[in-house]
Amino acid sequence: MTTRLPVPSPHAARQHDVVAALRALLPPRCVLFDAEDTRPYECDGLAAYRQLPMVVTLPDTEEQVVAILKTCRDLKVPLVPRGAGTGLSGGALPIADGVVLSTARLNKIVRVNAYSRTAVVQPGVRNLAISDAAAEHGLYYAPDPSSQIACTIGGNVAENSGGVHCLKYGLTVHNVLRVRMITIEGDVVELGSEALDGPGLDLLAVFIGSEGMLGIVTEVTVKLVPKAQTARVILASFNDIVTGGNAVANVIAAGIIPAGLEMMDQTSVRMVEPFVKAGYDTDAAAILLCEADGTREEVDDEVARMTAVLECAGASAITVSQSEAERLKFWSGRKNAFPAAGRISPDYYCMDGTIPRKRLAQVLTGIEQMGIKYGLRCANVFHAGDGNLHPLILFDANLPDELGRAEAFGAEILALCVEVGGTITGEHGVGVEKINSMCVQFSAQELAAFIAVKGAFDPVFLLNPDKAIPTLNRCAEFGKMRVTRGQLKFAHLSRF
């Protein structure tokens, strides 16, 4: 009797070839391919979408990154870059027949220069670790996303991350001087300069926020800023969310640029306060956190000016931090809003859109009405100073259609952001989550221009394909399903 051996599937044969090619160039520990080993890489912070990668690579050196890219190019294998996996838009979602390139082991702080106020770091260095290393010089790295204890600078560059102090100190793009990156061809390219101005076109600004579609970061030079002599936070309560939203616009209209200006609605306050005990007013419809930093004289003056504006705007209560410990306590509630959501809901869907500040009250009212429409709760926490919203839609994925309703709710929020003159993302990126919303915001001509930019960097379209930029065919199909915002029906993303 003849025993027939099973014929390897095309996917298995492909995996064998890719693994063999990579292991010829990298140590075995740098190449993972068993399902048990690749499972931790199946999603990023957008856990609703999961896909096991064919192979995961964990290079230790820039030379190994070059080798991985050249191998993927030669074998025509798509490649997805990954940092710490804290992203919230599915930007690091693997591709079934692709390679994940993790930069986790490229985690060295190359140098901190107190004289030039710069730090040179590898992409796997955690955001907060840069400030820790610079602290002895009285310096720190300003962008501070809520995930700063875990997120890495490479991911921050990919998403152009911000944080609660981005209003005064800017986003990643305003705090990065130079990026060293590798193209799909394996070429090492440096964008930007440590000088005041770099030669040629400003490709650094194009690269930051490109979501891993143009190249792989291997080194970043960041700006460091001096620690303020002192800082104080105003905690202001409001009896209705419209008054709170208008107060934000009033602060900026008064010519004040706070170090931080954050807003939380009652749902988010009541979600956070039992978890953190930050001292928030749980009876308030909304609270504002307004921070002043600088010299003691500057802070005293700015606190007095902001207090006057907030009182005139209708604040029902105002508390000013009296110590550094109290300031950090006030901020702890805002920083822990996302983990606190897990205490009151099995799942949450964190949205990310940006609107003009003067439209805050209108959009918050619209979100409240949408919550009724979709039968879901929504906790609003956001960078009020620059209009970057982070609605947390609470749902239970175990209940029929709740995820679908949450997605539709989120899509309608983004459509409203565009309608009032805003954008579909502020700092989380597009990834796979908002790819249909790109069709709402941009014309076919604009999308074609985006595709042309990607093609200039990645002519074989292997770097993080099918992310961020929708094809024109996808938008055409989506357009057939989309009607007015009030009747919006978003096509659900495939579950890959």
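For the structure, check the block above.
Cut-offs used in this document
Residues numbered from 1 in each chain as written. Predicted model: local features only at pLDDT ≥ 70, side-chain atom pairs only at ≥ 80, totals over all residues. Heavy atoms only, no water. Disulfide = S-S within 2.5 Å. Helix = DSSP H or I, 4+ residues; strand = E, 2+ residues; numbered from the N terminus. Buried < 20%, exposed > 50% of the residue type's maximum accessible area, 1.4 Å probe, protein only. Pairing = 2+ DSSP bridges. Polar contact = N/O pair within 3.5 Å; in protein donor to acceptor, adjacent residues only side chain to side chain. Contact = heavy atoms within 4.5 Å. Salt bridge = Lys/Arg side-chain N within 4 Å of Asp/Glu carboxyl O. Axes fitted to C-alpha atoms, helices over the stretch in contact; angles between N-to-C directions. Parallel < 35°, antiparallel > 145°, perpendicular 65-115°, else oblique. Left-handed = near helix turned anticlockwise from the far one by under 90°. Nonpolar A, V, L, I, M, F, W, Y, C, P; charged D, E, K, R; others polar.

S.K.: Would you explain the state of the cysteines in this entry?
M.R.: Note: disulfide means a covalent bond formed between the sulfur atoms of two cysteine side chains. All told, the structure shown has one disulfide when counted by the stated rule. Residue pairing for Cys 439: its cysteine sulfur links by disulfide to Cys 475, the two sulfurs lying 2.1 Å apart. Here the disulfide of Cys 439 and Cys 475 is left-handed, its torsion about the S-S bond being about -80°. Here Cys 439, found in helix α16 (residues 437-441), pairs with Cys 475, found in helix α18 (residues 472-481); they are 36 residues apart in sequence, far enough to count as distant. Comparing Cys 439 with Cys 475 shows no difference in burial state: the two are buried. Free of any disulfide, Cys 312 has its nearest cysteine sulfur in Cys 290, 14 Å distant.

S.K.: Would you explain the sheet that holds strand β2 (residues 55-57) in this entry?
M.R.: Within the open sheet, the four strands sit side by side as β1-β2-β4-β3. Their pairing is mixed. Every interior strand has two partners, whereas the edge strands, β1 (31-32) and β3 (79-82), have only one. Of the strand pairs in this sheet, β2 and strand β4 (residues 99-102) are connected by three bridges, and their pairing is parallel. The residue bridging Val 55 from the neighbouring strand is Val 99, located in β4.

S.K.: How should the side chain of Asp 144 be read in this particular structure?
M.R.: Assignment of secondary structure puts Asp 144 in the loop between β7 (139-140) and α5 (153-159). Exposure remark for Asp 144: the relative accessible area of 7% places this residue in the buried category. There is a polar contact of 3.2 Å between the side chain of Asp 144 and the backbone nitrogen of Val 164. Residues within four places of Asp 144 in sequence aside, it is in contact with Asn 127, Gly 162, Gly 163, Val 164, His 165 and Lys 335.

S.K.: Looking at this structure, I do not really get the pattern of salt bridges. What am I missing?
M.R.: Pairing between side chains of opposite charge can happen when the charged atoms of each approach one another. Scanning all chains against the criterion turns up 22 salt bridges. Here Glu 42 and Arg 39 are joined by a salt bridge, their closest N and O atoms 3.3 Å apart. Judged by relative accessible area, Glu 42 falls into the buried class, the value being 12%. Accessibility expressed as a relative area gives 42% for Arg 39, which makes it partly exposed. Note that Arg 327 and Glu 324 form a salt bridge whose closest N and O atoms lie 2.7 Å from each other. Within this pair, Arg 327 and its partner Glu 324 are both found in helix α12 (residues 324-335), separated by three residues, close to a single helical turn. By relative accessible area, Arg 327 is classed as buried at 11%. Assessed through its relative accessible area of 42%, Glu 324 is described here as partly exposed. Several salt bridges share partner residues, and in doing so they unite Glu 62, Arg 178, Arg 180, Glu 190 and Glu 219 into one network.

S.K.: Help me understand the environment of Ala 13, please; the structure alone is not making it clear to me.
M.R.: Relative to the helices and strands, Ala 13 resides in helix α1 (residues 10-23). Of the residues examined, Ala 13 reaches a relative accessible area of 34% and is grouped as partly exposed. In this structure, the C-alpha to C-alpha distance between Ala 13 and Val 55, residues 42 residues apart in sequence, is 13 Å.

S.K.: Before we go on, may I ask you to explain the packing of helix α14 (residues 360-374) against helix α15 (residues 402-419) in this structure?
M.R.: How two helices sit against one another is set out by the angle between their axes and by the gap between those axes. Where α14 contacts α15, the two axes come as close as 10 Å, and the packing angle between them is 155°. By the angle between their directions, the pair α14 and α15 is classed as roughly antiparallel. Crossing angle aside, the handedness with which α14 passes α15 is right-handed. Residue-level inspection shows Val 363, Gly 366, Ile 367, Met 370, Gly 371, Lys 373 and Tyr 374 of α14 in contact with α15, the latter providing Arg 405, Ala 408, Phe 409, Glu 412, Ile 413 and Leu 416. Taken together, the residues of the contact of α14 with α15 sort by class into eight nonpolar, two polar and three charged.

S.K.: Could you clarify how one ought to interpret the pairing of strand β12 (residues 230-238) in this entry?
M.R.: On a regular strand, each side chain points to the face opposite its neighbour's, so the side chains alternate between the two faces of the sheet. Among the nine residues of β12, eight are classified as buried, and the element is accordingly described as predominantly covered. One ladder, built from nine bridges, connects β12 with strand β14 (residues 286-294); its direction is antiparallel. For Leu 235, the partnering residue across the bridge sits in β14 and is Leu 289. When β12 meets strand β15 (residues 317-320), the two strands line up antiparallel, connected through four bridges. Across the sheet, Ser 237 pairs through a bridge with Ala 317, a residue of β15.

S.K.: I keep staring at the side chain of Glu 427 and nothing clicks. Help me out?
M.R.: Mapped onto the secondary structure, Glu 427 falls in the loop between α15 and α16. In this structure the side chain of Glu 427 is engaged in a polar contact, spanning 2.9 Å, whose partner is the side chain of His 390. Dropping the residues within four chain positions of it, Glu 427 is found in contact with Glu 159, Asn 160, Ser 161, Gly 162, Gly 163, Asp 352, His 383, Asn 388 and His 390.

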